[in-house]
Every structure is written in structure tokens, then in C-alpha cells.
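Breakdown of the fold
Each chain, letter by letter, is given below.
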Amino acid sequence: MKTRITELLGIEYPIIQGGMAWVAEHNLAAAVSNAGGLGLIGGANAPGEVVREEIRKAKELTDKPFGVNVMLLSPHAEDVAKVVVEEGVKVITTGAGSPEKYMDMWKEAGIRVIPVVASVALAKRMERCGAAAVVAEGCESGGHIGELTTMTLVPQVVDAVDIPVIAAGGIGDGRGFAAAMMLGAEAVQIGTRFVVADESIVSDAYKDKIIKAKDIDSQVTGRSHGHPVRQIRNQMTREYIKKEQEGASFEELEYLTLGALRRAVMEGDVVNGTLMAGQIAGMINKRESCQAIIDDIMTTANKLLSK
Ligand code: TUI
């Protein structure tokens, strides 16, 4: 299947892996790229030198294109923004903010910049400052989210910009892929289904929570301080939301989640850890390789779209 995104990025299938904090490290990114999609290394809150090492390790595992996600709320975003240029990364996605101040530097380096947006206004601004495409991410996604659903956001962004649009949020199989194409998207970004991939380094306990999750098992924390995060409900989310309702300060809430994503991913702490996952978790019921995931999505999507 060819779209402007497959052409732009030199990939076989229009599937991009989400740049998930702690989860999207070099093994997963390389596996997705080797399977014909675009793998991404998630910069998250990591220092520039850690991201540099991740990029170098990914290069050892694949000669296919891969990208880096720069998380703009990170205290190291500026450093990471420079490291990606120095390491010759070809594609950057950004999240949780506007990458305007880095655009000139990245474009001069010939990098294709694909900001993740949650509104039409930001999509238009990104097109004006030279983005090659945008990811329109609905609030079905795991992690930090905006207000609109994928079904409403994607067609509005498609109508508002001329650059290609990648749909994200609540897409985990060939039906979701086909639906996104119907909304005018030219690729999809998938996160949660890749969290449970064989090549993902995420703890077994975290993967099991996604596999066992039902449709209503995700919850959004952090609405009270403007940083809503979707994750699977557990003791931590219950305590967090209770404290939010009691009017706890941002600092107190932050303290509750300090290092919690790392604990979930690396140590399998599914009780007090942060289990970021999208609403699609209820539909994900097995572990498989990245190749099997991509093949399954494309086989179903091709059948549906040729009907
Ligand atoms: O960035 C994401 N997802 C993420 S980042 C992350 S790490 C984190 N952990 C806790 C708190 C905050 C971050 C986990 N998941 N997705 C892309 C995304 N970007 N979703 C929403 C946005 C967004 C929201 C508002 C982008 C821009 C924006 O406003 C910018 C502006 O200037 O208007």
C-alpha cells in the first residue's frame, strides 16, 4: 500500500510505532522498522547522551529508516533536539507541545518533522512552519492526551491542512487502520499493541495487564493540572484521582508518580506503577512479533479496503 507517507519516509507499510516513554527503546524501534513500518525511539525524559546511545544501538539492528520522538515537556528536550541532528536521524516526531523553536535547525539538517497534534489549530501552525506531516492523536491513546476523539479530530485536521495526516488513538487492528484511511489519513500510529510485542522490553506483568484489560479499564489522571494521562487503572490511579478530587497540589500529585512509569516498565510494578495504555487495550489479547502484528493489520486492512 503506497501513500504520501510511505513515499516520504521510504517505508513499506503506512504504520508508525508510537514514541512511547521508556517502552520505545532501540529493540522495539528496530523490530518495527525491520517489519516494514517506521520504528521510533522515545526520547521521553532521557538525557541527550542516553538518546544518542539508543540511536546508535538501533542503527546496529536495522538499516531501515527509523525515527526519534522528542517529548517537549522533557527538561532535556533542547539537548535531545541537538543529538538527533548530530546522529543524522531522518525522521522526528514530537509530543506534548509545539516544536516551533527547533523547526529551523531540524529542517536545515534535512530532517522530516512530524509533530503529534491534538487540535486543528496546532496542525495548521505546524504546516506553516514546515512540518512534513502531522500525527492527529485522539484521546483514546495511552499517555498524555488531548480532548478530541480520533473520529472527530482526524477528518477535521485532514480538511485543514495539505500535508499528509497520520491517525493515532484507538487504532490496533486492520479495521481501525481501514477506518482511519476512510477518514482521510495516509498512515496510522500504533502504540499499545506494540507494548505487548515479543520484541518489547516491557515487564511481563505490565504486558499481562494490557492483555487482561477490558474495554473500560483505562482511566485518565492529571486532568486537574492540565496534563491528562491515560493509563490502566490500578491502586496508583485510584489514589491519584482521590487526591485530585480532594484538591491536592500539582507537587503532591507529581510525587505520587515520580519514577512510576519506569517501575512499571522495568520492574513490573503494576500496583503503584504507571501503566500507560490506550482504550484499545481491551482488544489486545496476545503477544506476537512486530512482524506478525504488522502483517495481521495489513492483511485485514487490504481486504476491507478492496471491498
Ligand atoms: O506526547 C504524547 N504522549 C505522551 S508524552 C508522555 S510523557 C508524559 N508523562 C506525564 C505527563 C506528561 C507527559 C506520555 N505520553 N502524545 C502526543 C500529544 N501531544 N498528545 C497531546 C499533545 C499535545 C497537547 C497540547 C500537543 C501540543 C499541545 O499544545 C501545544 C500548544 O502549544 O498548543
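The residue numbers shown here count from 1 along each chain, following its written sequence. Predicted model: local features are reported for residues with pLDDT of at least 70 only, side-chain atom pairs are reported and counted for 80 or more only, and whole-chain, interface and lining totals are derived from all residues. Values reported for side chains reflect all heavy atoms of the structure, with hydrogen atoms and water molecules removed beforehand.

With that settled, the discussion passes to the site of the ligand. Close contacts around the ligand come from 15 residues, with A96, G97, V116, E137 and H144 the closest. Two N or O atoms count as a polar contact when they lie within 3.5 Å, although within protein this holds only if one can serve as hydrogen donor and the other as acceptor, and sequence-adjacent residues are included solely when both atoms are side-chain atoms. Within the backbone of A96, one N or O atom sits 3.0 Å away from a nitrogen atom of the ligand. Contacts to the ligand include E137, whose side-chain N or O atom sits 3.0 Å from a nitrogen atom. Where accessible areas are quoted, they stem from the Shrake-Rupley method and a 1.4 Å probe; at the residue level, only the protein chains shown are allowed to cover. Protein contact buries 72% of the 720 Å² of open area that the ligand shows by itself. The near set for a molecule or strand comprises every residue that places at least one heavy atom within 4 Å of it.

On to the domain arrangement of the chain. Those domain boundaries reflect an automatic or database domain assignment. Assigned domains of the chain: these are domain 1 (4-200 + 284-305) and domain 2 (204-281). Between the C-alpha centres of domain 1 and domain 2 the distance comes to 22 Å. Across the boundary between the two partners, domain 1 contributes 25 residues, which contact 23 residues of domain 2. A simple way to read buried area is as the amount of 1.4 Å-probe accessible surface that goes missing from two parts once joined, with both sides added. Taken over both partners, the interface formed by domain 1 and domain 2 buries close to 1,900 Å², and the fraction arising from carbon and sulfur atoms is 63%. Whether two residues touch is decided by their heavy atoms; if any such pair falls within 4.5 Å, the residues are in contact.

This brings us to the side chain of T221. Residue placement: T221 occurs in strand β10 (residues 218-221). Relative accessible area decides the class of each residue, using a 1.4 Å probe on protein chains only: under 20% of the type maximum gives buried, over 50% gives exposed, and in between gives partly exposed. Among the residues examined, T221 registers a relative accessible area of 3% and is labelled buried. Of the polar contacts made by the side chain of T221, one reaches the side chain of Q231; its length is 2.7 Å. Setting aside its immediate chain neighbours within four residues, T221 contacts H227, P228, V229, Q231, T237, Y240, I241 and E244. Helix and strand labels come from DSSP, where a helix needs a run of H or I of at least four residues and a strand needs a run of E of at least two; each type is numbered from the N terminus.

Turning our eyes to something else, we now look at the packing of aromatic side chains. Any pair of Phe, Tyr and Trp rings, taking the six-membered ring for Trp, is counted once the centres come within 6.5 Å. Such a pair is stacked with planes under 30 degrees apart, edge-to-face with planes over 60 apart, and tilted for the rest. Per the stated rule, a full pass over the model turns up one aromatic pair. Geometrically, the ring pair formed by Y102 and W106 is tilted, given 5.3 Å between the ring centres and 35° between the ring planes. Linking Y102 with W106, this pair stays in helix α5 (residues 100-108), spanning four residues, or about one helical turn. The class of Y102 is buried, set by a relative accessible area of 5%.

Angular values range over 0 to 180 degrees, each being the angle between N-to-C directions of two axes fitted as lines to C-alpha atoms, with helices fitted over their stretch in contact. Two numbers describe how helix α8 (residues 174-182) lies on helix α14 (residues 290-305): the axes approach to 7 Å, and their chain directions differ by 50°. Here α14 runs oblique to α8, going by the angle between their axes. The handedness of the crossing between α8 and α14 comes out as right-handed. Along the contact surface, α8 presents G174, R175, F177, A178, M181 and M182, while α14 presents I297, M298, T300, A301, L304 and L305. In this classification, Asp, Glu, Lys and Arg are treated as charged, Ala, Val, Leu, Ile, Met, Phe, Trp, Tyr, Cys and Pro as nonpolar, and every other residue, Gly included, as polar. Split into classes, the residues belonging to the contact of α8 with α14 amount to nine nonpolar, two polar and one charged. An angle below 35 degrees is read as roughly parallel, one above 145 as roughly antiparallel, one from 65 to 115 as roughly perpendicular, and any other as oblique. Each crossing gets its hand from how the near helix is turned against the far one by less than a right angle, where anticlockwise is left-handed and clockwise is right-handed.

We now examine a nonpolar patch on the surface. Nonpolar side chains collect at one region of the surface, where W22, I201 and M266 lie side by side and expose about 290 Å² of accessible area between them. In this fold, I201 is placed in the loop between α9 (192-195) and α10 (204-212). Patch membership requires more than 30% relative accessible area and the absence of a salt bridge. Residues of like charge join within 9 Å; the nonpolar side chains Val, Leu, Ile, Met, Phe, Trp and Tyr join within 5 Å. When a carboxyl oxygen of Asp or Glu is within 4 Å of a side-chain nitrogen of Lys or Arg, the pair counts as a salt bridge.

We now examine the pairing of strand β9 (residues 187-190). Here β9 shows a buried face lined by A187 and Q189 and a second buried face lined by V188 and I190. One requirement defines pairing of two strands: DSSP has to find at least two bridges between them. Examined bridge by bridge, strand β1 (residues 15-17) and β9 share three bridges and lie parallel to one another. What sits directly across from I15, in β9, is V188. In the classification by handedness, the crossover that spans strand β8 (residues 165-168), the intervening α8 and the parallel β9 is right-handed. Crossovers are marked right-handed if the path from the first strand over the helix to the second runs clockwise, as seen with the strands pointing away from the viewer.

Turning our attention to the pairing of β10. Within a regular beta strand, the side chains point alternately toward one face of the sheet and then the other, so they alternate between its two faces. Residues of β10 alternate between two faces, with S218 and V220 on one and Q219 and T221 on the opposite face, all of them buried. Strand direction decides the pairing type here: β10 and strand β11 (residues 229-232), joined by four bridges, are antiparallel. Bridge assignment links Q219 to a residue of β11, and that residue is Q231.

A word on the pattern of salt bridges. Under the definition given, this model contains 18 salt bridges. Here K101 and E78 are joined by a salt bridge, their closest N and O atoms 3.6 Å apart. Linking K101 in helix α5 with E78 in helix α4 (residues 77-86), this pair joins segments that are 23 residues apart in sequence. In this structure E78 comes out as partly exposed when scored by relative accessible area, which is 39%. One salt bridge connects D296 with R193, and the closest N-O pair in it is separated by 3.1 Å. Residue D296 is found in helix α14, and its partner R193 is found in helix α9; the two are separated by 103 residues along the sequence. Assessed through its relative accessible area of 32%, D296 is described here as partly exposed. Because the salt bridges share partners, they merge into one network encompassing E49, R52, R56, K59, E86 and E87.

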